[in-house]
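Given next are the chains, with one letter for each unit.
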Number of protein chains: 2
Amino acid sequence: MPPSSRVTIRDVAAAAGVSVATVSKVLNNRYGVAAETFARVTTVIEELGYEASLVAQSLRNHRTNVIGILVADIEPFSTELLKGAADAIRGTGFELVVYSAGGRTGDPQGWERRYLTRLSGTLVDGAVLVTPAVDLEGLPGTPVVAVDPHTGRSPLPTVDSDNLHGGQLATEHLLSLGHRRIALLTGREDLKSAQQRETGYRRALAAAGVPVHEDLILRGDYDHDIAARSAHELLKGLDRPTAVFAANDISAIATIETALELGLRVPDDLSVVGFDNIPESALCSPPLTTVQQPIREMGRRAITLLVKLIDGEMPDETHITLGTDLVIRRSTARLS
Amino acid sequence: MPPSSRVTIRDVAAAAGVSVATVSKVLNNRYGVAAETFARVTTVIEELGYEASLVAQSLRNHRTNVIGILVADIEPFSTELLKGAADAIRGTGFELVVYSAGGRTGDPQGWERRYLTRLSGTLVDGAVLVTPAVDLEGLPGTPVVAVDPHTGRSPLPTVDSDNLHGGQLATEHLLSLGHRRIALLTGREDLKSAQQRETGYRRALAAAGVPVHEDLILRGDYDHDIAARSAHELLKGLDRPTAVFAANDISAIATIETALELGLRVPDDLSVVGFDNIPESALCSPPLTTVQQPIREMGRRAITLLVKLIDGEMPDETHITLGTDLVIRRSTARLS
DNA sequence: TTGAAAGCGCTAACAT
DNA sequence: ATGTTAGCGCTTTCAA
């Protein structure tokens, strides 16, 4: 590669017959440049198609006006979140840059930390983390907001949604339809969201005075195949549940598919409620009653919060939990 | 310890009692460092949690091992493409960084150019452009691959899909079902893809000896509401078409919705074929027969091509057009 | 084996 | 109003 083909500030200075300092002043609209000089430099900049190097600027100024958003992978959840973030960033004067770990396997924990350290203070003024981990408490000087952190309560500013209440909502909905044998397909055991959804389920049953049958609680793991197997286990017998609360959308779909394979009609023979990880609009066949997470709003709020942090304002709250809603589509039916 | 300042190479050097040069050598595994020194420096690096600044490295080395991917907005198409790109980047030694214009309105053309110029030679070794425009022919020294460029044949290396053939496939499918009055809801007039889909439609009809009725060709604009209005126009009368080819998925869905509102059964009374811009898995109700673009594969190929370009290899081809396939789901029926 | 020094492209004091 | 200069954090000769 020709390494020297880039137009630099020196080329501009030379072509305009001024010093680099003057060009810099023009670039940054600093005072102390004659109108005539200003015009000449501007012309040369246009002609040469010059743009200042982001890198050099970053190195010099410690402010970059860039916000980084680190996602574990590009999938529907993170995508939806990115949209919200992109929404919110408009008009803030910041740019958004997305770093994806690409779902890489090795180095599962350290990735965010490494990246963040390499970028912070230089390339980004702050970051939104959409990756599970984060024990980044001690990261120097770089504001960070964690979205839906998967491990316990984090010391970082956080935006998440109310999985506990969501689990309750889903279960209460099924209870209100008259169901009493309500199964649960759990989520990934290592994630807080899954635990909370399960807690919500248990609480709702308890509150309704319905005993929890542990044999109606099976692993779903947020995974299609595992959920399908569990669903099969659940539904094959005659003592099958009349309703299933699946801890996410994938497993809800797997449940419905399995039910249909077993000759059960949904929702007539089996009611299913899921929990969205992907936005409503993308949720496919069959239409499903789910608990909806405000994913985009989470992205928006994360940016808003982060911008405040970067600007040194005191935000009203640093741990934001957004509500979840039950969205009734077509797959639940009153128990006859 | 100053809490808000970054750990730099000098801090490491000081703590280890060596010069920055030595630390740099350790970082980059250069020869000429005593094993004992190496160990000591390594230890200090760990202790301090030091990571080299990406920015400073970029400024020094002209190689960054980062590939930038510029998207106009985060939406299903670009997302799917990102996934493919993320796939392909694994094992190449490059990182992927996504820049989103956030669908911004002002500065509609210049965005890519500006960004690219600011990044190139410094922050990225090359870029994939997923934005409409691009007359970036003269960009010095930075390899660029355009994906699905919307304006004519580009001088840049390009990856796209065969919209012409796709249009033919869709139309031929409807013809093969016995349809003769086949309407077209066009796409955005300014985009090459839309023109090609229309051309495919016209050619297929011509090849089958079916005359083209211009009043069966209405604007769809890749837009839900516009397409819905046109569909209404098309379907309200008694001389309505028996089939519709919609230039993208959005307008196909709009067509089906409109048809249902008008009391037409789909596919019994009306066959609809669409053209996917979003991946199959995300395509919602109602299940739709579509022409499928290999979006992920486009992302993969773009990266592969770009990596070759960056490494100075001569790629076999610089203009890659991938095939499109007809995916038959449930919304087409033989004309009775 | 190690370190001093130059410089990547840029900005901001501090001259002039 | 303009230019000179000193770095930002890093890598890389080249000399010690």
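Computed from a prediction, not measured in an experiment: that's the story for all the values here.

**Some points on the confidence of the model for chain A**
Low pLDDT means the predicted coordinates in that region are not meant to be read closely. Overall, the predicted model of chain A reaches an average pLDDT of 87, with 88% of residues at or above 70. Per-residue pLDDT stays below 50 along residues 281-285 of chain A; that stretch engages in 15 contacts with residues further than four places along the chain or on separate chains.

**Things to note about the nonpolar core**
Ranked by size, the top nonpolar core spans 59 residues in total, and within it Ile67(A), Ile69(A), Ile303(A), Ile67(B), Ile69(B) and Ile303(B) carry the most contacts. Looking at which element gives the most residues to this core, the answer is helix α11 (residues 295-310) of chain A, with 9 residues. Beyond its immediate chain neighbours, meaning those up to four positions away, Ile303(A) contacts Ile67(A), Ala85(A), Ala88(A), Ile89(A), Leu96(A) and Val128(A). In terms of nonpolar packing, the next biggest core, distinct from the first, is built from 36 residues, Val97(A), Tyr99(A), Tyr115(B) and Ala127(B) among them.

**Here we look at the protein's contact with DNA strand D**
Taken together, the neighbourhood of DNA strand D is formed by 28 residues, with Gly32(A), Arg60(A), Ile9(B), Tyr50(B) and Arg60(B) sitting nearest. A share of 63% of the atoms of DNA strand D within 4 Å of the protein falls on sugar and phosphate groups. Taking Ser19(A), its main chain carries an N or O atom lying 2.7 Å from a phosphate oxygen of DNA strand D. Where the surface near DNA strand D is concerned, the elements lending two or more residues are α2 (20-27) and α4 (54-60) of chain A together with α1 (9-16), α2 (20-27) and α4 (54-60) of chain B. Considered class by class, the residues forming the surface near DNA strand D number 11 nonpolar, 12 polar and 5 charged.

**Details of the protein's contact with DNA strand C**
Near DNA strand C, the surroundings consist of 27 residues, among which Ile9(A), Tyr50(A), Arg60(A), Thr37(B) and Arg60(B) are the closest. The sugar-phosphate share of atoms of DNA strand C within 4 Å of the protein amounts to 63%. The contact in question runs from a phosphate oxygen of DNA strand C to an N or O atom on the side chain of Tyr50(A), over 2.4 Å. At 2.9 Å from a phosphate oxygen of DNA strand C is found a main-chain nitrogen or oxygen belonging to Ser19(B). The set of elements that each furnish at least two residues to the surface near DNA strand C consists of α1 (9-16), α2 and α4 of chain A together with α2 and α4 of chain B. Of the residues contributing to the surface near DNA strand C, the split by class is 11 nonpolar, 11 polar and 5 charged.

Rules and cut-offs
Residues numbered from 1 in each chain as written. Chains lettered and ligands numbered in written order. Predicted model: local features only at pLDDT ≥ 70, side-chain atom pairs only at ≥ 80, totals over all residues. Heavy atoms only, no water. pLDDT = per-residue confidence, 0-100. Contact = heavy atoms within 4.5 Å. Core = buried A, V, L, I, M, F, W, Y, C linked by side-chain atoms within 4.5 Å. Buried < 20%, exposed > 50% of the residue type's maximum accessible area, 1.4 Å probe, protein only. Helix = DSSP H or I, 4+ residues; strand = E, 2+ residues; numbered from the N terminus. Near = heavy atom within 4 Å. Polar contact = N/O pair within 3.5 Å; in protein donor to acceptor, adjacent residues only side chain to side chain. Nonpolar A, V, L, I, M, F, W, Y, C, P; charged D, E, K, R; others polar.

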